[in-house]
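Each chain is listed here by its residues.
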Amino acid sequence: MILFFEKIGFSLRQKITRLGAAARLFFSILTYTPENFKRFRLTIKEIYATGVLSLVIIVVSAFFVGMVLGLQGYYTLQKYGSSEAIGVLVALALVRELGPVVTALLFAGRAGTAITAEIGLMKATEQLSAMEMMAVSPIARIVAPRFWAGIITMPLLASIFSMVGVLGGYVVAVPLIGVDEGAFWSQMQANVDFQFDIVNGFIKSLVFGIACTIIALFEGYDAPPTAEGVSRATTRTVVTSSLAVLGLDFILTSFMLTV
Amino acid sequence: MNEDAIVSISNLAFGYADRIIHKRINMDFHRGKVVAIMGGSGCGKTTILRLIGGQIKPHGGEVRVDGKIVHQQSQKGIYDLRRKMGMLFQHGALFSDLSVYENVAFPIREHTNLNESVIKDLVLMKLNAVGLRGAYKLMPTELSGGMARRVALARAIALDPDIIMYDEPFAGLDPISMGVICDLIRSLNDALGATSIIVTHDVAETFAFADYIYFLADGVVAAQGSPDELKKSKLPFVKQFIHSQKDGPVPFHMEANKYADDLGLRQ
């Protein structure tokens, strides 16, 4: 019995230690921020790697998600005779929830794992040590640019996701099902609020960007320098990021709907 | 501390949570010399390089580089000291996303504001010194182990360091590459007027070109001297090491239960 509690205590302590280490990494990234913005080309390179290279998966997924929303939405709405509201439904679902959340989940799977594996392998092959021995801080040179790239990229990807999703919904609703085009767009225009819907969605994607990127960076930076260690860290990136995104989404939504 | 020593280690103690590695170590590395640290695997040779570079802190004693106590320096102080050092890692540790040229240019770009044409000249000079000017366009994955190490050496000497540290520079190399690296260590040391610290367990190569050798065993310096002095040494450990005898003061078997007990032959 005591052994059982010992085990729980041990794993809890380890988790808290890791949380503390992640917070320290976060703050040391912030201290290198001015330097990072002075050499912004490093961040631009990472924006390409995390953002531009994620575009294909984001655009394709968004298109399908939008089409499915169009189908499901139409099926339910036409029961109540309000199938013109399909445009609003698709847009609100995407801008408020699916855009930021699905983008963050895809980002964790595509860019997050790449960041973790890359940094983990750089550590395993002593590249980070080599950098330190050259009096160059790996946090300034490797970690901080990836962090800012993630934060800049996520809201952009989320907005692209929402736009393409709306197009997907349009393709299903208007040309395929035959919903009135004017009603589709005008209802959307009238019922999507900039402050309440779009800005809140943007805030969500920003928070998810910070969470996903810092998790991916920390897991890579903290990975044991072995093949097994890096593979476990990569898995943890996906699992932790996904859970963090879904949990944070609930918290943020509850605040946004109350305020 | 010896005045002439650029790196001086006194009464150094270090260990990890469950294992003591260094009990009490004293070493001096004199300017312009090639000094080797030898010993069996796991005796803490590489750890000494990391202590000199300030990547870890000693539990007791001190490491001085250029008169400054390493573990008492601030982050900036340690970075200033490291700019006087170049280190060759065991597997080169080249940045895999940068070409050979960019790898060698990396420390120059990070620490100077030189314009591109000067950087190009410097990089090509360093690559020429290791005989790989022709490989400047290649990526690290396209290099053999020996070539990667020579590129890493060019990168380590990019800023003309006062101290060059080599971590197992001969491990896993064919005899030709080994000879090349040996010659390079000696010639670069003499050309740059630097001090070289080599961590290795390759006896023949090291005895051929090192000026001074420290033997580590059981957390202390077990023997030291010039190669000629050590060859004549009567110390059992040194004799075992130099003549690669499998049993001696360093036992073949790791400490264990009685063999018969482990096999269940005794009730």
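Up top is the structure.
Because the structure is predicted, anything quoted here is derived from the model rather than measured.

### Here's the deal with the overall build of chain B
Right, so step 1: Across its full length, chain B holds 10 helices and 10 strands.
Right, so step 2: Rg of the C-alpha trace for chain B: 20 Å, near the compact-globule value of 18 Å for 267 residues, within the 12% margin.
Right, so step 3: The principal-axis extent of the C-alpha atoms belonging to chain B is close to 75 × 40 × 40 Å.
Right, so step 4: The proportion of buried residues among the 267 residues of chain B is 51%.
Right, so step 5: Long-range contacts, defined as pairs at least 24 residues apart, comprise 63% of the intrachain contacts of chain B with a sequence gap of at least 6.
Right, so step 6: As displayed, chain B offers around 13,100 Å² of accessible surface, 51% of which is attributable to carbon and sulfur atoms.
Right, so step 7: For chain B, the centre of its 30 positive side-chain charges and the centre of its 30 negative side-chain charges are spaced 2 Å apart.

### With respect to the overall build of chain A
Right, so step 1: When helices and strands are counted, chain A shows 10 helices and 0 strands.
Right, so step 2: Moving toward the C terminus, one meets the helices and strands of chain A in the order α-α-α-α-α-α-α-α-α-α.
Right, so step 3: The buried share of chain A, reckoned over its 259 residues, is 47%.
Right, so step 4: For chain A, the share of sequence-separated contacts (at least 6 apart) that also reach a separation of at least 24 residues comes to 83%.
Right, so step 5: In the form shown here, chain A has an accessible surface area of approximately 12,900 Å², with 72% of it arising from carbon and sulfur atoms.
Right, so step 6: Averaging the coordinates of the 18 positive side-chain charges in chain A and doing the same for the 16 negative ones gives two points 10 Å apart.

### Observations concerning the nonpolar core
Right, so step 1: Counting 57 residues, the largest nonpolar core has Phe29(B) and Ile52(B) as its most contacted members.
Right, so step 2: Counting residues per element, this core draws most heavily on helix α7 (residues 138-177) of chain A, which supplies 7 residues.
Right, so step 3: Beyond its immediate stretch of four places on either side in the chain, Ile52(B) contacts Val7(B), Ile9(B), Phe29(B), Val63(B), Val65(B), Val70(B), Met85(B), Met165(B) and Ile197(B).
Right, so step 4: The next biggest cluster of nonpolar side chains, apart from the first, holds 35 residues, and it includes Val100(B), Leu127(B), Ala152(B) and Ala158(B).

### Brief notes about helix α1 (residues 45-52) of chain B
Residues and elements named next belong to chain B.
Right, so step 1: The element α1 is largely enclosed, with a buried count of 6 among its 8 residues.
Right, so step 2: Taken residue by residue, α1 has Lys-45, Thr-47, Ile-48, Leu-49, Leu-51 and Ile-52 as its buried positions.
Right, so step 3: Trailing α1 by a residue or two, Gly-54 shows a phi angle of about 75°, which is positive.

### Here we look at the interface of chain A and chain B
Right, so step 1: The interface is formed by 16 residues belonging to chain A together with 21 residues belonging to chain B.
Right, so step 2: Summed over both sides, the interface of chain A with chain B buries roughly 1,700 Å², with 58% coming from carbon and sulfur.
Right, so step 3: Three residues stand out in chain A for area buried against chain B, namely Met133(A), Met134(A) and Ala135(A), and they jointly supply 39% of the buried area on that side.
Right, so step 4: Taken together, chain A and chain B are joined by 3 salt bridges.
Right, so step 5: Note that Arg141(A) and Glu110(B) form a salt bridge whose closest N and O atoms lie 2.8 Å from each other.
Right, so step 6: On inspection of chain A and its partner chain B, the count reaches 7 residue pairs in polar contact (both at pLDDT 80 or more).
Right, so step 7: Sorting the residues of the side of chain A that touches chain B by element identifies α6 (127-133) and α7 of chain A as the ones contributing at least two each.
Right, so step 8: Per-element accounting of the side of chain A that touches chain B gives the leading share, 6 residues, to α6(A).

### Examining the pattern of salt bridges
All names here are of chain A.
Right, so step 1: Under the definition given, this model contains 22 salt bridges over all chains.
Right, so step 2: For Arg-18, the salt bridge is made with Asp-222, and the minimal N-O distance between the two is 2.5 Å. One end of the pair, Arg-18, is in helix α1 (residues 2-31); the other, Asp-222, is in helix α9 (residues 194-222), and 204 residues separate them in sequence.
Right, so step 3: What makes Asp-222 partly exposed here is its relative accessible area of 30%.

### A closer look at the packing of aromatic side chains
Right, so step 1: Throughout the structure, instances matching the rule amount to 15 aromatic pairs over all chains.
Right, so step 2: Judged by centre distance (5.8 Å) and plane angle (75°), the ring pair of Phe26(A) and Phe147(A) falls under edge-to-face. Of this pair, Phe26(A) sits in helix α1 while Phe147(A) sits in helix α7, placing them 121 residues apart in sequence.
Right, so step 3: By relative accessible area, which is 2% here, Phe147(A) ends up buried.
Right, so step 4: With a centroid separation of 5.3 Å and 65° between ring planes, the pair formed by Tyr212(B) and Tyr214(B) is classed as edge-to-face.
Right, so step 5: Judged by its relative accessible area of 29%, Tyr212(B) is partly exposed.
Right, so step 6: Through a chain of ring-to-ring contacts, three or more aromatic side chains come together here, namely Phe26(A), Phe27(A), Phe37(A), Phe40(A), Phe147(A) and Trp148(A).

### Focus: the state of the cysteines
Residues and elements named next belong to chain B.
Right, so step 1: A complete count under the given rule lists 0 disulfides over all chains for this structure.
Right, so step 2: Between Cys-43, a free cysteine, and Cys-182, which holds the nearest cysteine sulfur, the sulfur-to-sulfur gap is 19 Å.
Right, so step 3: Look at Cys-43 and you get buried, because its relative accessible area is 14%.
Right, so step 4: Taking relative accessible area as the criterion, Cys-182 reaches 10% and is therefore assigned buried.

### Some details on the packing of helix α3 (residues 40-50) of chain A against α7(A)
Residues and elements named next belong to chain A.
Right, so step 1: Here α3 crosses α7 at 55°, and the two axes come no closer than 8 Å. Relative to α7, the element α3 is oriented oblique. Between α3 and α7 the crossing geometry is right-handed. Across the interface between the two elements, Phe-40, Leu-42, Thr-43, Glu-46, Ile-47 and Thr-50 of α3 pack against Arg-141, Pro-145, Arg-146, Trp-148, Ala-149, Ile-152, Thr-153 and Leu-157 of α7.
Right, so step 2: Within the contact of α3 with α7, the residues separate by chemical class into 8 nonpolar, 3 polar and 3 charged.

### As for the environment of Leu257(A)
Residues and elements named next belong to chain A.
Right, so step 1: With respect to the secondary-structure elements, Leu-257 resides in helix α10 (residues 227-258).
Right, so step 2: Residue Leu-257 is classed as exposed on the basis of its relative accessible area, which comes to 56%.
Right, so step 3: Residues Leu-257 and Phe-196, spaced 61 residues apart in sequence, show a C-alpha to C-alpha distance of 9.0 Å.

Analysis parameters
Residues numbered from 1 in each chain as written. Chains lettered and ligands numbered in written order. Predicted model: local features only at pLDDT ≥ 70, side-chain atom pairs only at ≥ 80, totals over all residues. Heavy atoms only, no water. Helix = DSSP H or I, 4+ residues; strand = E, 2+ residues; numbered from the N terminus. Rg over C-alpha atoms; globule rule 2.2 N^0.38 Å. Buried < 20%, exposed > 50% of the residue type's maximum accessible area, 1.4 Å probe, protein only. Contact = heavy atoms within 4.5 Å. Areas by Shrake-Rupley, 256 points an atom, 1.4 Å probe, with all protein chains shown as cover. Lys, Arg positive; Asp, Glu negative; His and termini not counted. Charge placed at Lys NZ, Arg CZ, Asp CG, Glu CD. Core = buried A, V, L, I, M, F, W, Y, C linked by side-chain atoms within 4.5 Å. Buried area = accessible area lost by both parts, 1.4 Å probe. Salt bridge = Lys/Arg side-chain N within 4 Å of Asp/Glu carboxyl O. Polar contact = N/O pair within 3.5 Å; in protein donor to acceptor, adjacent residues only side chain to side chain. Phe/Tyr/Trp six-rings, centres within 6.5 Å; stacked < 30°, edge-to-face > 60°. Disulfide = S-S within 2.5 Å. Axes fitted to C-alpha atoms, helices over the stretch in contact; angles between N-to-C directions. Parallel < 35°, antiparallel > 145°, perpendicular 65-115°, else oblique. Left-handed = near helix turned anticlockwise from the far one by under 90°. Nonpolar A, V, L, I, M, F, W, Y, C, P; charged D, E, K, R; others polar.

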